Amino acid sequence: AQSVTQLGSHVSVSEGALVLLRCNYSSSVPPYLFWYVQYPNQGLQLLLKYTTGATLVKGINGFEAEFKKSETSFHLTKPSAHMSDAAEYFCAVTGTGGFKTIFGAGTRLFVKA
Amino acid sequence: DAEITQSPRHKITETGRQVTLACHQTWNHNNMFWYRQDLGHGLRLIHYSYGVHDTNKGEVSDGYSVSRSNTEDLPLTLESAASSQTSVYFCASSERAGRFNEQFFGPGTRLTVL
């Protein structure tokens, strides 16, 4: 079985500061990992994903995430926050459950001017 | 451009009524999913389908049903709406091959059961 834990339901940063959203997973098979973003009143859209190969994955809007197998983590970072980054972010994993995806509870990112 | 649409976007209904939420995708994806989103729970899987005439229960399927008669549509039916089913519902789709394929989401339906 797989699971995803996102540490912190809310994260607040100042504009221009580093963004770090934490995600830990558990999976009995090599996982495929995803970060999705949800803007207000919209559906989720893919930020980035890790499948195999390079453990540092770059996504849209300047975000990146690093797969660390030893730590079972897939934290999302962005060097400099922008006001437009304010949204909810979901970490997700697929593994043994066919094409099903398990989502974390989400982290809401607030960006202060 | 391919897309996934949901209707209605907002719905208010009464306890005990049957409600159907529509989902239509033009990606020609085999896999389709229904989720509900509630504060503090993230997205929870209600039902999913891997192709025409295939349907499967997710983790919170009680009180919901789906049917898949074609590739494009997966309607979600609440047989007898309950206040606990007040939520935001998202439909999603993905390609058949590979667990590495991301899901594409619709804009959501906000359902209120009074």
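Since this is a predicted model, take the numbers as computed values, not measurements. (Residues numbered from 1 in each chain as written. Chains lettered and ligands numbered in written order. Predicted model: local features only at pLDDT ≥ 70, side-chain atom pairs only at ≥ 80, totals over all residues. Heavy atoms only, no water.)

**Considerations on the overall build of chain B**
No. 1: Per the secondary structure count, chain B includes zero helices and 11 strands.
No. 2: A compact globule built from 114 residues should have a C-alpha radius of gyration of about 13 Å, and chain B, at 13 Å, falls within 12% of that.
No. 3: Seen through its principal axes, chain B has C-alpha atoms that stretch 40 × 30 × 25 Å.
No. 4: Here chain B holds 114 residues, and 48% of them are scored as buried.
No. 5: A sequence separation of at least 24 residues applies to 54% of the contacts in chain B between residues at least 6 apart.
No. 6: Put simply, chain B shows about 5,400 Å² of open surface, and 47% of that area lies on carbon and sulfur atoms.
No. 7: Charge centroids of chain B, computed over 10 positive and 12 negative side chains, lie 5 Å from each other. (Helix = DSSP H or I, 4+ residues; strand = E, 2+ residues; numbered from the N terminus. Rg over C-alpha atoms; globule rule 2.2 N^0.38 Å. Buried < 20%, exposed > 50% of the residue type's maximum accessible area, 1.4 Å probe, protein only. Contact = heavy atoms within 4.5 Å. Areas by Shrake-Rupley, 256 points an atom, 1.4 Å probe, with all protein chains shown as cover. Lys, Arg positive; Asp, Glu negative; His and termini not counted. Charge placed at Lys NZ, Arg CZ, Asp CG, Glu CD.)

**Quick word on the overall build of chain A**
No. 1: Regarding its fold elements, chain A presents zero helices and 11 strands.
No. 2: Counting from the amino terminus, helix and strand elements in chain A follow one another as β-β-β-β-β-β-β-β-β-β-β.
No. 3: Taken over the C-alpha trace, chain A has a radius of gyration of 13 Å; the compact-globule value for 113 residues is 13 Å, and the two agree within 12%.
No. 4: Principal axes of the C-alpha set define a box for chain A whose edges measure 40 × 30 × 20 Å.
No. 5: The buried share among the 113 residues of chain A stands at 44%.
No. 6: When contacts within chain A are restricted to residue pairs at least 6 apart in sequence, long-range pairs at least 24 apart make up 56% of them.

**Focus: unusual backbone geometry**
No. 1: The residue after serine 7 of chain B, namely proline 8 of chain B, is reached through a cis peptide bond having omega -5°.
No. 2: By the element assignment, proline 8 of chain B lies in the loop between β1 (4-7) and β2 (10-13).
No. 3: Even without glycine at this site, asparagine 41 of chain A takes up a positive phi of about 60°.
No. 4: Relative to the helices and strands, asparagine 41 of chain A is located in the loop between β4 (32-38) and β5 (44-50).
No. 5: By relative accessible area, asparagine 41 of chain A is classed as exposed at 65%.
No. 6: The backbone of histidine 53 of chain B shows a phi angle near 70°, a positive value even though the residue is not glycine.
No. 7: Following the sequence through the fold, histidine 53 of chain B ends up in the loop between β5 (42-51) and β6 (54-57).

**A word on the interface of chain B and chain A**
No. 1: Across the contact, 25 residues belong to chain B and 25 residues belong to chain A.
No. 2: Summing the contributions of chain B and of chain A, the shared interface buries around 1,900 Å²; its carbon and sulfur component is 56%.
No. 3: Counting across the interface, chain B meets chain A through one salt bridge.
No. 4: Residues glutamate 102 of chain B and lysine 49 of chain A are paired through a salt bridge, measuring 2.8 Å at the closest nitrogen-oxygen approach. (Buried area = accessible area lost by both parts, 1.4 Å probe. Salt bridge = Lys/Arg side-chain N within 4 Å of Asp/Glu carboxyl O.)

**Structural notes on the sheet that holds strand β8 (residues 76-78) of chain B**
Residue and element names in this part refer to chain B.
No. 1: The strand order across the open sheet formed by four strands is β1-β3-β8-β7, and the pairing between neighbours is antiparallel. Lying at the two open borders of the sheet, with one neighbouring strand each, are β1 and β7 (64-66). If you compare each strand with its neighbour and ignore which way they point, the axes differ by 20° on average. (Pairing = 2+ DSSP bridges. Axes fitted to C-alpha atoms, helices over the stretch in contact; angles between N-to-C directions.)

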